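Commentary on secondary and tertiary structure
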Amino acid sequence: MSQPTPLIIIPARGGSKGIPRKNIKLLAGRPLIHYSIEVARAISPDSHIILSTDDPEIREVAQATGLPVPYTRPEKLGGDTVGSREVIIDAMDYADREGIAYDCVILLQPTSPLRTVDDTRAALSLYTPACDMVVSVTPAAANPYYDCFETLPDGSLRISKGDGLYTRRQDAPQAWQFNGAVYVINPASIRAMPLGAFPRRIPYVMPRERSVDLDTPLDWMVMEKIMEK
């Protein structure tokens with residue numbers, strides 16, 4: 001079976017709050033967004049890469065890599081309450097108007113600079129039109145069968161799943177969490193429903209040491225230490 005042709009979307013709005021201006025903040029001497037652009041260009045031609053930004057400075061920093069940035073994210077999609085689905089669909093609409101043919105959409109968030117070309121290719125290789133999404137995951141830091149609890153109406157705690165009788169984590173069912181690095185999305189599925197409603201999600205497993213997602217200043221400090229090593 002031939003490899004699907006992906007449309008790669010790199011979302012990079014200008015108004016990040018947790019780490020101000022994080023998309024162009026220098027990490028190991030390079031703007032953060034350059035790491036995702038490098039991976040994207042190893043996977044697809046520039047014509048199939050859409051940098052989705054509402055920020056002129058982010059656009060300039062991206063163009064410094066040689067990547068053309070003809071698309072501009074609409075102002076209405078620049079706020080922090082806008083979800084990924086709206087951003088993806090608007091970029092898809094642009095690609096459709098431009099006659100760019102693609103079989104699937106790869107979302108590469110700049111906040112995962114440790115994601116590799118091989119990670120992205122491996123996730124893409126798992127994609128078929130029969131699934132809604134291939135998504136990168138890592139072993140969950142907490143397990144709902146073992147050490148995740150919910151609050152009851154009386155204020156007490158109960159185990160999130162199961163009967164709470166597991167005494168060793170390794171005996172509990174495996175739990176995974178999205179690490180934010182790679183999403184390979186079925187275009188028809190994203191137009192039909194939100195990502196959280198997808199019934200058929202295929203995992204691509206990444207190790208925890210490459211699964212740091214930059215959301216807070218502490219995350220950035222951890223990432224800098226990792227990059228030093």
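The structure this text deals with has already been given above.
Notes on the structure follow. (Residues numbered from 1 in each chain as written. Predicted model: local features only at pLDDT ≥ 70, side-chain atom pairs only at ≥ 80, totals over all residues. Heavy atoms only, no water.)

1. Quick look at helix H4 (residues 117–125)
Among the residues of H4, Asp119, Thr120, Ala123 and Leu124 are the ones counted as buried. Down the axis of H4, the buried set is contained in an arc of 130°. They therefore lie on one face. Looking at the buried residues of H4, the elements they touch are strand S1 (6–11), helix H1 (32–43), strand S5 (104–107), strand S6 (133–139), strand S9 (176–185) and strand S10 (201–205). For H4, the capping residue at the N-terminal end is Thr116, with a side-chain oxygen 3.4 Å from the backbone nitrogen of Asp118. (Buried < 20%, exposed > 50% of the residue type's maximum accessible area, 1.4 Å probe, protein only. Helix = DSSP H or I, 4+ residues; strand = E, 2+ residues; numbered from the N terminus. Arc of directions from axis to C-beta. Contact = heavy atoms within 4.5 Å. Polar contact = N/O pair within 3.5 Å; in protein donor to acceptor, adjacent residues only side chain to side chain.)

2. Notes on the pairing of strand S4 (residues 49–52)
In S4, alternate side chains face the same way, and those of Ile49 and Leu51 on one face and Ile50 and Ser52 on the other are all buried. Bridge analysis of S1 against S4 gives 4 bridges, and the strand direction is parallel. In the strand pairing of S4, Ile8 is matched with Ile49. (Pairing = 2+ DSSP bridges.)

3. Examining the side chain of Ser36
As for its position among the elements, Ser36 is in helix H1. Using a relative accessible area of 0% as the deciding quantity, one classes Ser36 as buried. Not counting residues within four places of it along the chain, the set of residues in contact with Ser36 comprises Ile10, Leu108, Gln109, Pro110 and Arg115.

4. Some details on the pairing of S10
Within a regular strand, the side chains alternate between the two sheet faces. Of the two faces of S10, only the one carrying Ile202 and Tyr204 is buried; Arg201, Pro203 and Val205 on the other face are not. Where S6 and S10 come together, 5 bridges link them in parallel fashion. Within S10, the position partnered with Val135 by the bridge is Pro203.

5. Here's the deal with unusual backbone geometry
With a phi angle near 60°, Arg21 is a residue other than glycine that sits in the positive phi range. The topology assignment puts Arg21 in the loop between S1 and strand S2 (26–27). For Arg21, a relative accessible area of 30% translates into the label partly exposed. Even without being glycine, Ala28 reaches a positive phi, approximately 55°. Given a relative accessible area of 58%, Ala28 falls into the exposed group.

6. A closer look at the sheet that holds S9
Overall, mixed pairing links the 6 strands, which are arranged S4-S1-S5-S9-S6-S10 in an open sheet. Bordering the open sheet on either side are S4 and S10, each of which pairs with just one other strand. Along the sheet, successive strands turn relative to each other by an average axial angle of 35°, direction set aside. Note: S1 against S5, 4 bridges, orientation parallel. In the sheet register, Leu7 faces S5, and the bridge partner there is Val105. Here helix H3 (residues 84–97) sits on the sheet in contact with S1, S4, S5 and S9, set at roughly 130° to S1. (Axes fitted to C-alpha atoms, helices over the stretch in contact; angles between N-to-C directions.)

7. Examining the packing of aromatic side chains
Taken as a whole and judged by the stated rule, the model has 3 aromatic pairs. Where Tyr71 meets Tyr94, the ring centres are 5.2 Å apart and the plane angle is 55°; that geometry is what we call tilted. Taken as a pair, Tyr71 in the loop between helix H2 (56–63) and H3 and Tyr94 in helix H3 lie far apart in primary sequence, 23 residues in all. The buried category is assigned to Tyr94, whose relative accessible area is 13%. Centroid distance Tyr145 to Tyr166: 6.5 Å. Interplanar angle 90°. Geometry classified as edge-to-face. With Tyr145 in the loop between S6 and strand S7 (149–151) and Tyr166 in the loop between strand S8 (157–159) and S9, the pair connects residues that are 21 residues apart, well separated along the chain. Tyr166 sits in the partly exposed class, given a relative accessible area of 33%. Across the ring face of Trp220, the terminal group of Lys25 is positioned such that the distance to the ring centre comes to 5.2 Å. Between the NZ or CZ atom of Arg30 and the centre of the ring of Tyr35, over which it lies, the distance is 4.4 Å. (Phe/Tyr/Trp six-rings, centres within 6.5 Å; stacked < 30°, edge-to-face > 60°. Lys NZ or Arg CZ within 6 Å of the ring centre and 35° of its normal.)

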